[in-house]
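Descriptive analysis of the structure
For reference, the chains in residue letters:
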Amino acid sequence: MSLHAPYPQGRPRRLRRDEFTRNLVREHSVTAHDLIYPVFVLDGERRRESVASMPGVERLSLDLLLPVAQQCVSLGIPAMALFPVIDASLKTPDGREAFNPEGLVPRVVRELKRQFPQLGVMTDVALDPFTSHGQDGLLDETGYILNDETVEVLVRQALTQAEAGVDIVAPSDMMDGRIGAIRNALEGRRLIHTRIMAYSAKYASAFYGPFRDAVGSASNLGKSNKKVYQMDPGNTDEALREVAMDIAEGADMVMVKPGMPYLDVVRRVKDEFRVPTFAYQVSGEYAMLKAAAGNGWLDHDAVMLESLLAFKRAGADGVLTYFAVDAARLLRA
C-alpha cells in the first residue's frame, strides 16, 4: 500500500466533491460493450411467452427475436447468447436433437448471422434442453451422468452450431475434457475462428431455478440435481484447477457462474490467469433484484447498474445479464 498524506493534508473527500471529479478518478466503469444478452428462443412464428419467474423476460420465436437483435446492434451490445426452448416431442434420453443441423438453434444462428453479421452470436453447448430427463449428459442404468459418452455428443452439438456459423460456442455442461475434444474437432473441420467460452467454474447453485423454468427443463429434472458434475459452492481452489484445464485444452475465454454470489471466484480467476474472464448474472440474481424493485424496496435502475459495476470491479471483462438491454439504454443516456 502506497503512503498517503494524513488528515488534514489529505482529504479524500476532495475527490468526491462534484460529478466531474468523480468521473475523472473512477477506477472501474460499465459500458454496453461489456454486456452479453441471454435470450430464449422457441420454434414457430409470432410466438411470445412470458417467463413468470423472470419479470420482463420472454421466450420468443425467431421472427420476434430479430427486432431484439436489431436493438442490441443499435445499443452497442456486442453479442447475444441463445438458449433454446425445445418442444417436448423432440426431447429424448440421448438428446440427439442437439446435433440436428436443421434444428432450432442452427436455423436461428444462420438467420441472425445473415441479417446481423456484425452481432456476435453465442450458443450453449449442453444437453439439458434436449434430454427427456433434464440432465446435461447421458445417463447410465443407475442414473449417473456418463462423462466420455456425453462428451462425444457435445462435440457433435458444437460442430453443428459452428457449421451453422455461430461465433462462440459455450460449453456449460461441466464434463471433464470437453473443451479439448471440442477444440480438436473444430480444428479438424478447419473451423479455426470459432471461439470457445468455457463455463469453467459452474457451480451446483440454487440460483438457476427461473432459468430452468424458462427453457422447460425444470419439470424433466424433477427432484434430481446436478451435483455430480457441477461444482460444490464451498470450493474455490477447485475452480482454479477447472479454469487451468480449460485454458490448456483450448478455451479462448472462461466464465464463472453464478455471478454476484461468486465474485470472489471471479477475482481469483482473473488474478491467477489474466485471460478474458466473464461472469453470468443468472436468472435467480435477476429475479431477486426484479422482485425487490417491483415491491418498491430497491431502486431498480440504481441496483441494476451497481450490480454490473460489481462484476467489473471484481475483474470480469464482461457479463451475461438479462439486464443488458435496459442497462445499455441507461448507459447511452
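A brief structural summary. Worth saying up front: this structure is predicted, and the values here are computed from it rather than measured.

Details of the overall build of the chain
The secondary structure content of the chain amounts to 12 helices and 12 strands. Relative to the 2.2 N^0.38 estimate, which gives 20 Å for 333 residues, the radius of gyration of the chain is 21 Å and therefore close to what a compact globule would have. Taken along the three principal axes of its C-alpha coordinates, the chain extends 70 × 45 × 40 Å. Looking at the chain as a whole, 54% of its 333 residues qualify as buried. Counted over contacts in the chain with a minimum sequence separation of 6, partners at least 24 positions apart contribute 75%. For the chain, the exposed area adds up to about 15,700 Å²; of that, 51% sits on carbon and sulfur atoms.

What to know about the layout of surface pockets
Its boundaries defined by the atoms lining it, the largest pocket holds a volume of some 310 Å³. Elements with a minimum of two residues in the lining of the largest pocket: β1 (35-42), β3 (58-61), α2 (62-75), α10 (283-294) and α12 (324-332). Among the residues forming the lining of the largest pocket, the class breakdown is 11 nonpolar, 2 polar and 5 charged.

Some words on the packing of aromatic side chains
Counted by the stated rule, this structure contains 10 aromatic pairs. Ring geometry for Tyr 203 and Tyr 262: centres 4.4 Å apart, planes at 25°, overall stacked. You can see Tyr 203 sitting in the loop between β9 (195-202) and α6 (209-215) and its partner Tyr 262 sitting in the loop between β10 (253-257) and α9 (263-273), a full 59 residues away along the chain. Cation over ring: Arg 156 sits above Phe 99, and NZ or CZ is 3.8 Å from the ring centre. One cation-aromatic arrangement involves Lys 257 over Tyr 280; the distance from NZ or CZ to the ring centre is 4.7 Å.

Examining the pattern of salt bridges
In this structure the tally under the stated criterion is 22 salt bridges. When the shortest N-O distance is used, the salt bridge between Lys 226 and Asp 128 registers 3.3 Å. Placement of the pair is Lys 226 in the loop between α7 (218-221) and α8 (237-249) and Asp 128 in the loop between β5 (120-125) and β6 (138-139), with a sequence separation of 98 residues. When its relative accessible area of 5% is taken as the criterion, Asp 128 is described as buried. Of the charged contacts, one joins Arg 267 and Asp 271 as a salt bridge, the two residues approaching to 3.0 Å between their closest N and O atoms. Taken together, the residues span about one helical turn, with Arg 267 and Asp 271 both in helix α9 at a distance of 4 residues. A relative accessible area of 40% places Asp 271 in the partly exposed class. Members of the salt-bridge network, linked through shared partners, are Arg 47, Glu 49 and Arg 59.

With respect to the side chain of Arg 183
For Arg 183, the location among the structural elements is in helix α5 (residues 178-188). Classification of Arg 183 by relative accessible area gives buried; the value is 11%. Other than its neighbours up to four places away in sequence, Arg 183 contacts Thr 194, Arg 195, Ile 196, Glu 249, Gly 250 and Asp 252.

Points about helix α11 (residues 300-314)
The terminal C-alpha atoms of α11, which comprises 15 residues, lie 22 Å apart, in line with the 21 Å expected from a rise of 1.5 Å per residue. For α11, the full list of buried residues reads His 300, Val 303, Met 304, Ser 307, Leu 308, Ala 310, Phe 311, Lys 312 and Ala 314. Sitting at the head of α11, Asp 299 places a side-chain oxygen 3.3 Å from the backbone nitrogen of Asp 301. At the exit of α11 stands Gly 315, carrying a positive phi of roughly 115°.

Focus: the nonpolar core
Of all hydrophobic cores here, the largest spans 110 residues; its most connected members are Phe 40, Leu 65, Met 80, Leu 112, Met 197 and Leu 320. In terms of residue count, helix α4 (residues 148-164) provides more of this core than any other element does, 8 residues in total.

Description of α5
Residues three or four positions apart in an α-helix share a direction because the helix packs 3.6 residues into each turn. All of the buried residues along α5 are Arg 178, Ile 179, Gly 180, Ile 182, Arg 183, Ala 185 and Leu 186. Looking at the packing, one finds that the buried side of α5 touches β5, α4, β8 (168-171), β9 and α8. Following α5 by one or two positions, Arg 190 adopts a phi angle in the positive range, close to 60°.

Here we look at the side chain of Lys 312
Tracing the backbone through its elements, the reader meets Lys 312 in helix α11. At 3.1 Å, the side chain of Lys 312 forms a polar contact with the side chain of Asp 34. Contacts of Lys 312, omitting those with residues within four sequence positions, involve His 28, Ser 29, Val 30, Asp 34 and Asp 317.

Quick notes on the rules
Residues numbered from 1 in each chain as written. Predicted model: local features only at pLDDT ≥ 70, side-chain atom pairs only at ≥ 80, totals over all residues. Heavy atoms only, no water. Helix = DSSP H or I, 4+ residues; strand = E, 2+ residues; numbered from the N terminus. Rg over C-alpha atoms; globule rule 2.2 N^0.38 Å. Buried < 20%, exposed > 50% of the residue type's maximum accessible area, 1.4 Å probe, protein only. Contact = heavy atoms within 4.5 Å. Areas by Shrake-Rupley, 256 points an atom, 1.4 Å probe, with all protein chains shown as cover. 1 Å grid on protein atoms, 1.4 Å probe; cavity = no way out; pocket = protein on both sides within 12 Å on 5 of 7 lines; lining within 4 Å. Points joined across faces, edges and corners; volume = space filled by probe spheres on them. Nonpolar A, V, L, I, M, F, W, Y, C, P; charged D, E, K, R; others polar. Phe/Tyr/Trp six-rings, centres within 6.5 Å; stacked < 30°, edge-to-face > 60°. Lys NZ or Arg CZ within 6 Å of the ring centre and 35° of its normal. Salt bridge = Lys/Arg side-chain N within 4 Å of Asp/Glu carboxyl O. Expected span 1.5 Å × (residues − 1). Polar contact = N/O pair within 3.5 Å; in protein donor to acceptor, adjacent residues only side chain to side chain. Core = buried A, V, L, I, M, F, W, Y, C linked by side-chain atoms within 4.5 Å.

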